[in-house]
Amino acid sequence: MRYPPSGRVDDLLSALAEAEAVRAPALLARKSPLAAFLRPPLVLCGRLAALALRALPDARAGDLQDRVQRAAAGGAARPFASGGALERAARLLSELESGGKRAGLLCLASHPLVDEEGTGLNVELMRQGLLALRALRGASFRPRMLTALDPFALDTFSTPREGFYAGFMAGAHLGLDRQAGLRRGLDAFLMDGSSWTSVAWRLSSALRGGGGIVVMLAGGVPLTARAHYALREGLQDLRRRRPGVRSPREAAAVLGEGTDFEAFRAGLRGGMRRSVWRAMEAWLLSRQTPPRALEAAARGELPAPAAEAFRRGALALGFDAEAAERALGEARSEYARETPRRERLFSFLTRRVASRGVPLLLLPLRHGGKSGALAFGEAEALAPGRAFDARAFVSRNFD
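Procedures and definitions
The residue numbers shown here count from 1 along each chain, following its written sequence. Note on the predicted model: pLDDT of at least 70 is required for a residue's local features to be given, and 80 or more for side-chain atom pairs to be given and counted; whole-chain, interface and lining totals, by contrast, use all residues. Just so you know, side-chain values use all the structure's heavy atoms and leave hydrogens and water out. Here a strand is any run of E in DSSP of at least two residues, a helix any run of H or I of at least four, and the numbering for each starts at the N terminus. Remark: exposure states derive from per-residue accessible area (1.4 Å probe, protein chains only) relative to the maximum for the residue type, with buried under 20%, exposed over 50%, and partly exposed in between. The contact criterion used throughout is that any non-hydrogen atoms of two residues lie within 4.5 Å. What sets the accessible areas is the Shrake-Rupley method with a 1.4 Å probe; for residues, cover comes only from the shown protein chains. Expected helix span is taken as 1.5 Å per residue step, with the number of steps being one fewer than the number of residues. By construction, the arc corresponds to the directions joining the helix axis to the C-beta atoms. For this analysis, a polar contact is any N or O atom pair within 3.5 Å, provided that within protein one partner can donate a hydrogen and the other can accept it, and provided that sequence-adjacent residues contribute only side-chain to side-chain pairs. The nonpolar core is taken to be a set of buried Ala, Val, Leu, Ile, Met, Phe, Trp, Tyr and Cys residues, with the residues joined through side-chain atoms within 4.5 Å. Working definition: a ring pair exists when centres of Phe, Tyr or Trp rings (six-membered ring for Trp) sit within 6.5 Å. Plane angles under 30 degrees give stacked, over 60 give edge-to-face, the rest tilted. What counts as a salt bridge is simple: a side-chain nitrogen of Lys or Arg found within 4 Å of a carboxyl oxygen of Asp or Glu. Think of it this way: DSSP has to see at least two bridges between two strands before they count as a pair.

*Asks:* What am I meant to see in the overall build of the protein here?
*Replies:* In terms of helices and strands, the protein carries 18 helices and seven strands. The 399 residues of the protein split such that 52% are buried. Taking all contacts inside the protein whose residues are at least 6 apart in sequence as the whole, residues at least 24 apart take part in 76%. Accessible surface, the protein: about 18,000 Å² in total, of which carbon and sulfur atoms supply 55%.

*Asks:* Please explain unusual backbone geometry as it appears in this structure.
*Replies:* Backbone geometry follows two general trends: most residues other than glycine have a negative phi, and most peptide bonds adopt the trans configuration. Look at R342: it is not a glycine, yet its phi comes out positive at around 55°. Mapped onto the elements, R342 comes out in the loop between helix 16 (321-335) and helix 17 (343-352). Assessed through its relative accessible area of 15%, R342 is described here as buried.

*Asks:* How should I be thinking about the side chain of S194 in this particular structure?
*Replies:* Inspection of the secondary structure puts S194 in the loop between helix 7 (185-190) and helix 8 (199-208). Residue S194 is classed as buried on the basis of its relative accessible area of 0%. Residues in contact with S194, not counting those within four places in the same chain, are L149, A170, G175, L176, D177 and R202.

*Asks:* How should I be thinking about helix 16 in this particular structure?
*Replies:* Because each turn of an α-helix spans 3.6 residues, side chains separated by three or four positions end up pointing in the same direction. Here helix 16 is 15 residues long and its end C-alpha atoms lie 21 Å apart, about the 21 Å a rise of 1.5 Å per residue gives. For helix 16, the full list of buried residues reads A323, A324, A327, L328, A331, E334 and Y335. Each buried residue of helix 16 sits inside an arc of 140° when the element is viewed along its axis, so together they form one side. In this structure, helix 16 carries E322 and R326 as exposed residues pointing more than 90 degrees from its buried face. Residues of helix 16 that are buried in the fold lie against helix 9 (222-240), helix 14 (291-298) and helix 15 (304-316). Looking at where helix 16 begins, the residue whose side-chain oxygen comes 3.2 Å from the main-chain nitrogen of E322 is D320.

*Asks:* Can you help me understand the nonpolar core in this one?
*Replies:* Side chains that are nonpolar tend, in soluble globular proteins, to be buried together. Core analysis: the biggest nonpolar cluster contains 44 residues, and L136, L361, L363 and F376 have the highest contact counts within it. Taken together, the elements giving at least two residues each to this core come down to helix 2 (35-55), helix 4 (84-96), strand 1 (104-109), helix 5 (118-137), helix 6 (159-172), strand 4 (212-216), strand 5 (360-367) and strand 6 (374-376). For this core, the element with the highest residue contribution is helix 5, accounting for seven residues. Those residues in contact with F376, other than ones at most four positions away along the chain, are F80, A81, A85, L86, C107, Q128, A132, L363, P364, L365 and R366. Membership of the second largest hydrophobic core comes to 40 residues, among which are L223, M272, L284 and A297.

*Asks:* Can you help me understand the packing of aromatic side chains in this one?
*Replies:* Each aromatic ring pair is characterised by the separation of its centres together with the angle its planes make. Going through the model one piece at a time under the given rule, you end up with seven aromatic pairs. With centroids separated by 6.3 Å and ring planes inclined at 75°, the aromatic side chains of F80 and F376 adopt a geometry described as edge-to-face. Residue F80 is found in the loop between helix 3 (58-73) and helix 4, and its partner F376 is found in strand 6; the two are separated by 296 residues along the sequence. With a relative accessible area of 28%, F80 lands in the partly exposed category. Judged by relative accessible area, F376 falls into the buried class, the value being 8%. Measuring from ring centre to ring centre gives 5.9 Å for F261 and W283, while their planes differ by 80°; the resulting arrangement is edge-to-face. Residue F261 is located in helix 11 (residues 261-266), and its partner W283 is located in helix 13 (residues 276-286); the two are separated by 22 residues in the primary sequence. Taken as a pair, F261 and W283 share a single burial class, namely buried.

*Asks:* Please explain the pattern of salt bridges as it appears in this structure.
*Replies:* Proximity of charged atoms lets side chains of opposite charge pair with each other. Counting across every chain of the model gives 27 salt bridges. A salt bridge links R312 to E308; the shortest N-O distance between them is 3.1 Å. Placement of both R312 and E308 in helix 15 is noted, with a separation of four residues, approximately one turn of the helix. Note on R312: relative accessible area 29%, which makes it partly exposed.

*Asks:* So what exactly am I meant to see when it comes to the environment of L284 here?
*Replies:* Here L284 lies in helix 13. Sequence separation of L284 and E308 is 24 residues, and the distance between their C-alpha atoms is 9.1 Å.

*Asks:* Would you mind going over the pairing of strand 4 with me for this structure?
*Replies:* As a general feature of sheets, a regular strand has side chains that alternate between the two faces. Burial analysis of strand 4 places five of its five residues in the buried class, the great majority of the element. Neither face of strand 4 is exposed, since G212, V214 and M216 on one face and I213 and V215 on the opposite face are all buried. Bridge analysis of strand 1 against strand 4 gives five bridges, and the strand direction is parallel. Pairing of L108 across the sheet is with V215, part of strand 4. As judged from the three bridges shared by strand 2 (residues 144-148) and strand 4, these two strands associate in the parallel manner. If you follow R144 over to strand 4, its bridge partner there is I213.

*Asks:* Would you take a moment to explain the pairing of strand 5 for this structure?
*Replies:* Buried residues dominate strand 5, accounting for seven of its eight residues. Of the strand pairs in this sheet, strand 1 and strand 5 are connected by six bridges, and their pairing is parallel. Within the sheet, the bridge partner assigned to L105 lies in strand 5 and is L361.

*Asks:* Just to check I follow, could you spell out helix 13 for this structure?
*Replies:* With 10 of its 11 residues buried, helix 13 lies for the most part within the structure. Looking only at helix 13, the buried set comprises V276, W277, A279, M280, E281, A282, W283, L284, L285 and S286.

Structural data, given as structure tokens:
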């Protein structure tokens, strides 16, 4: 087993990652049997390299990183996609900051498929995003990337590359370790600041301070993106607005009638078993991992077992049959998307940044396929007194 269960929320991703490893084993790098011992010193080397970069003057550090990323992008590297969209973004930024409050900058990029051909394009999109934010603020501005550093995200890397990259990105940028519970000892200590448990605070703090962040909207591994943003977040939304006051224990009792939910829950560990809500999420996601279900998921079709589990979950939360079917229709629609709408992310940004008086400029960046051109879309503002439609924003720029 590549990702042993930890009894934490990390297990939701780990279970999907195990299924993806079975579906596409050719993409995985061969890891040394001594990886657990080799990784910490490599992570430490990456951390030291990040410290060296941070010690450089901002403009010089940005130029150096750009050269490294351009080399890493290889054949996917392109001239900077400057043009009218960035000029209009600069005018919008000036308008947002006319009241004297420094705005946060967030470049939202589409995510190429994670395969051998898409890796260079992935790097190039992030490079273009950093260049755009520097163009808006000046060469001495030091934007950062929010990037996944967990074992699943780096499973196509060799052990030396994985360790160094994780350490460097954790120190120089905003790392996101979605499987922090798998790390032990020195490895856990060195990567502690990148845990998913603190990413919301780190992201919102950076943006409230007027910083710039480049982040991809997910979709590189369709199975995990659809599971998390269509199914898991869909179920979480139903839970938040469930009718009445049905308790977790009552919901579990209803869901256990005529399903294997209780038997599945008994096989979980630690907090995953104790929390009814987490167990429901794990049970739902497990319904899209059998081989036939994986084939449907890869096509953007909600697998029948997962659809039935989602409907039963809605009923267990107290929704009537008609409301449960409507919710299932929404889940099917979201599941079919290549780029998720990420409505929860935009809601978070509104609550934690814009509603606190800090304007936020959103700059979309999309790619047109593995060999297509990169283009910036029209920037929009997330700020008090301004209307913003998250669904329309994603549809206009990423559909």
